[in-house]
Amino acid sequence: MLTHTWRKSSRSGPNGACVEARLAVEGVEIRDTKLTVSPILHASRADWASLLRTSGR
């Protein structure tokens, strides 16, 4: 379950290549944790749910 704090993907690798996600006012925010200044992607909750279904989660 997502919260308003950043949560690391369970599929992240040991090399630090991972993404984090958190709930936002209008959906979900996603960022790349290996970048010191990562752009934040915004997705609707419907798009996030579709992504999770597509990725087999």
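Criteria and thresholds
Residues numbered from 1 in each chain as written. Predicted model: local features only at pLDDT ≥ 70, side-chain atom pairs only at ≥ 80, totals over all residues. Heavy atoms only, no water. Helix = DSSP H or I, 4+ residues; strand = E, 2+ residues; numbered from the N terminus. Buried < 20%, exposed > 50% of the residue type's maximum accessible area, 1.4 Å probe, protein only. Areas by Shrake-Rupley, 256 points an atom, 1.4 Å probe, with all protein chains shown as cover. Pairing = 2+ DSSP bridges. Salt bridge = Lys/Arg side-chain N within 4 Å of Asp/Glu carboxyl O.

An account of the overall build of the protein is needed here, citing residue identities and associated values.
When you go through the protein residue by residue, the secondary structure sums to one helix and four strands. The linear arrangement of helices and strands in the protein, starting from the amino end, is β-β-β-β-α. Counting all 57 residues of the protein, 26% fall into the buried class. Accessible area for the protein stands at about 4400 Å²; split by element, carbon and sulfur atoms hold 57% of it.

Pulling in residues and values, what's your account of the sheet that holds strand β3 (residues 27-32)?
The four strands lie next to each other as β1-β2-β3-β4, forming an open sheet whose pairing is antiparallel. This sheet does not close on itself; its edge strands, each paired only once, are β1 (7-8) and β4 (41-43). Sheet topology places β1 next to strand β2 (residues 19-24); two bridges connect them, and they run antiparallel. The partner of Arg7 across the bridge, within β2, is Ala21.

An account of the pairing of β2 is requested, with residue identities and associated values reported.
The pairing of β2 with β3 spans six bridges and is classified as antiparallel. Note on β3: the bridge partner recorded for Leu23 is Val28. In this structure, the hairpin formed by β2 and β3 is closed by a connection of two residues.

With reference to specific residues and values, describe the pattern of salt bridges.
According to the stated counting rule, one finds three salt bridges in the structure shown. Here Arg22 makes a salt bridge to Glu29, at a shortest N to O gap of 2.7 Å. Of the charged contacts in the structure, one is a salt bridge between Lys34 and Asp32, with a shortest N-O distance of 3.0 Å. With a relative accessible area of 53%, Lys34 lands in the exposed category.

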